[in-house]
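Now for the letters of each chain:
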Amino acid sequence: MIYESKYLRVEFETSEIPWVKIFTTKPYKELSDCDKKTRKRLFKAALITEIAMRKFYKPEKINWASFANYVPKVHIHVQARFKDDGFFPESMWGKAQRDGVSRDLRLEKFAKILKTKMEKAKL
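Note that the structure is a prediction, hence the values are computed from the model and not measured.

Q: How do you make sense of the pattern of salt bridges when you look at a structure like this?
A: Side-chain pairs of opposite charge can arise where the charged atoms are in close proximity. Throughout the structure, instances matching the rule amount to 7 salt bridges. A salt bridge links Asp84 to Arg103; the nearest nitrogen and oxygen atoms lie 2.7 Å apart. Of this pair, Asp84 sits in the loop between β5 (75-81) and α2 (107-121) while Arg103 sits in the loop between β5 and α2, and the two are 19 residues apart along the sequence. Judged by relative accessible area, Asp84 falls into the partly exposed class, the value being 27%.

Shown next as C-alpha cells:
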C-alpha cells in the first residue's frame, strides 16, 4: 500500500516496470457511478502519479488504463514504459515482445515520494 484516504487506495502492481493502481475506496462499478469529488480525486491522483513517474523514472512513455473486467471496480493503472521492457510498444496485457531488461525499480523510494505528494494534495 502506498497511500489510502477516505476516497482512494493507491498500490503497486507486481511487474518488471513501475506500475501503480489507483482504486476508489467505494466499490463503484463504472466511472460514471462515482460522485464528482471522488472522480476528481481519482484523476488528480493519476496525474500526480504520472508526473512523479516521469520525474523519477524518466520513461519512454506513460500509459493509463482502466479496464475493470476482472476486478469490476473503478480503478486506473498508471505505468512507466520503456523501449526495452518486455512488452513495449504493446500493452502490458498483450503479447511479450522480448525478454525485458531487468531494472531496479526502487519501489520503496518511489512510494515515499508518491505518498508525500498524495498527502500534500489531500486526496
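That shown, we press on.
Q: Which parts of the structure should I look at to understand the nonpolar core?
A: Soluble globular proteins tend to pack their nonpolar side chains together in the buried interior. Of all hydrophobic cores here, the largest spans 33 residues; its most connected members are Val10, Val20, Ile22, Met53, Phe110, Leu114 and Met118. Elements that contribute at least two residues to this core include exactly β2 (8-12), β3 (19-24), α1 (36-57), β5 and α2. If one sorts the elements of this core by residue count, α1 sits on top with 8 residues. Excluding its chain neighbours within four sequence positions, the residues that come into contact with Leu114 are Ile2, Val10, Val20, Ile48, Thr49 and Ala52.

The rules we used
- Residues numbered from 1 in each chain as written.
- Predicted model: local features only at pLDDT ≥ 70, side-chain atom pairs only at ≥ 80, totals over all residues.
- Heavy atoms only, no water.
- Salt bridge = Lys/Arg side-chain N within 4 Å of Asp/Glu carboxyl O.
- Helix = DSSP H or I, 4+ residues; strand = E, 2+ residues; numbered from the N terminus.
- Buried < 20%, exposed > 50% of the residue type's maximum accessible area, 1.4 Å probe, protein only.
- Core = buried A, V, L, I, M, F, W, Y, C linked by side-chain atoms within 4.5 Å.
- Contact = heavy atoms within 4.5 Å.

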